[in-house]
Amino acid sequence: FLFTACKKYEADKQQANNEEQVKSNNVIKTGTEGLDPQTLRELQQARAATAKYQNIENAFADNYGKDPVVILPNMGYHFLKAELVSPVFDLRKPAILVYNKKDNGSFELVAIEYAVPMSSLPPHVAPDGFTGIDDVWNENTLNTGWWTLHAWVWKNNPDGVFEPMNPLVIVQ
């Protein structure tokens, strides 16, 4: 895989003053420092929408593939639901669920990932995603032709909730 990343830039975007209030209710504890309060709310919505996938059998029942499409260090096992790869970003419907194996061999949901076809956008223009400028879309030009975005809503990522790699994920 070859990934390049780009952060959105919005020069006129105002930051809300109630960030600490939103963070105090947020169960995503690390990697969210400085995020827009609306982004934090959206991350909580994404987490709630994917809660049932903590049991990987629910993912299989909802047509996520039974075989991982890729297994990557510092990411995990990626299970794809191809029909959710879409030019329209829907925070409640990630195309990819990212798991890691526990010591006992069972799978633990660690992140969700969104996929938007590059062909639906002008060249090198990242899709709209979460509110604010902090989501990190990766341009996968070799394998998929998709823009991808990780959201570490199930395992803390000290590098940032939207960073593609997570040093705390040791693939087993």
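Computed from a predicted model, the values in this text were never measured in an experiment. (Residues numbered from 1 in each chain as written. Predicted model: local features only at pLDDT ≥ 70, side-chain atom pairs only at ≥ 80, totals over all residues. Heavy atoms only, no water.)

K.L.:
How should I be thinking about the overall build of the protein chain in this particular structure?
P.N.:
Summing up its helical and strand segments, the protein chain has 3 helices and 7 strands in all. Counting helices and strands in the order they occur from the N terminus, the protein chain gives β-α-α-α-β-β-β-β-β-β. The burial tally for the protein chain puts 45% of its 172 residues in the buried class. Within the protein chain, residue pairs in contact and separated by at least 24 positions form 53% of the contacts whose partners lie at least 6 positions apart. (Helix = DSSP H or I, 4+ residues; strand = E, 2+ residues; numbered from the N terminus. Buried < 20%, exposed > 50% of the residue type's maximum accessible area, 1.4 Å probe, protein only. Contact = heavy atoms within 4.5 Å.)

K.L.:
Looking at this structure, how should I read the side chain of His 78?
P.N.:
Looking at the element boundaries, His 78 is found in strand 3 (residues 76–80). The residues touching His 78, leaving out its near neighbours within four places in the chain, are Pro 68, Val 69, Val 70, Leu 72, Ile 96, Leu 97, Val 98, Glu 113 and His 150.

K.L.:
What should I look at first to understand unusual backbone geometry in this one?
P.N.:
Excluding glycine, most residues fall at negative phi; most peptide bonds, likewise, are trans. A positive phi is found at Asn 63, a non-glycine position, where the angle reads about 75°. Mapped onto the secondary structure, Asn 63 falls in the loop between helix 3 (56–61) and strand 2 (70–72). Positive phi, close to 60°, is recorded for His 124, a residue that is not glycine. Along the chain, the position of His 124 falls in the loop between strand 5 (107–117) and strand 6 (136–140).

K.L.:
Explanation requested: helix 2 (residues 37–49) in the structure shown.
P.N.:
Helical geometry: 3.6 residues make up each α-helical turn, so side chains three or four residues apart lie on a common side. Across its 13 residues, helix 2 extends 18 Å between first and last C-alpha, which sits within 8% of the 18 Å expected from 1.5 Å per residue. Within helix 2, burial applies to Pro 37, Thr 39, Leu 40, Glu 42, Leu 43 and Ala 46. For helix 2, the N-terminal capping position is held by Asp 36, with its side-chain oxygen 2.7 Å away from the main-chain nitrogen of Gln 38. (Expected span 1.5 Å × (residues − 1). Polar contact = N/O pair within 3.5 Å; in protein donor to acceptor, adjacent residues only side chain to side chain.)

K.L.:
Even after reading the chapter, I still don't get the nonpolar core, so can you show me in this structure?
P.N.:
The tendency in soluble globular proteins is for nonpolar side chains to be buried side by side. Counting 41 residues, the largest nonpolar core has Leu 43, Leu 97, Tyr 99, Tyr 114, Phe 130 and Phe 162 as the members making the most contacts within it. Elements supplying a minimum of two residues to this core: helix 2, helix 3, strand 3, strand 4 (96–101), strand 5, strand 6 and strand 7 (146–151). For this core, the element with the most residues is strand 5, which contributes 7 residues. When near neighbours in sequence (up to four residues on either side) are disregarded, Leu 97 contacts Tyr 53, Ala 59, Tyr 64, Tyr 77, His 78, Phe 79, Leu 109, Ala 111 and Ile 112. (Core = buried A, V, L, I, M, F, W, Y, C linked by side-chain atoms within 4.5 Å.)

K.L.:
Is there a simple way to explain the confidence of the model for the protein chain in this structure?
P.N.:
Low-confidence regions, as indicated by low pLDDT, have predicted coordinates that should not be scrutinised in detail. With 81% of its residues at a pLDDT of at least 70, the protein chain reaches an overall mean of 84. Per-element mean pLDDT across the protein chain ranges from 36 in helix 1 (residues 19–24) up to 98 in helix 3. Of the regions scoring below 50 in pLDDT, residues 1–26 engages in 64 contacts with residues more than four places distant in sequence or in other chains. (pLDDT = per-residue confidence, 0-100.)

K.L.:
What am I meant to see in the pairing of strand 4 here?
P.N.:
Each regular strand displays side chains that alternate between the two surfaces of the sheet. With 5 of 6 residues buried, strand 4 lies mostly within the body of the structure. Relative to strand 4, strand 3 is paired through 4 bridges, and the arrangement is antiparallel. Counted as the bridge partner of Tyr 77 is Tyr 99 from strand 4. The pairing of strand 4 with strand 5 spans 6 bridges and is classified as antiparallel. Bridge pairing in strand 5 links Asn 100 to Glu 108. Hairpin connection between strand 4 and strand 5: a loop of 5 residues separates the two successive antiparallel strands, and Gly 105 in this loop has a positive phi of roughly 90°. (Pairing = 2+ DSSP bridges.)

K.L.:
Looking at this structure, how should I read the pairing of strand 3?
P.N.:
For strand 3, a buried count of 5 out of 5 residues is recorded, marking the element as mostly surrounded by other parts of the structure. Inspection of the sheet shows strand 2 paired to strand 3 by 3 bridges, in the antiparallel sense. Note on strand 3: the bridge partner recorded for Val 70 is His 78. Adjacent in sequence and paired antiparallel, strand 2 and strand 3 are bridged by 3 residues, among which Asn 74 carries a positive phi angle near 60°.

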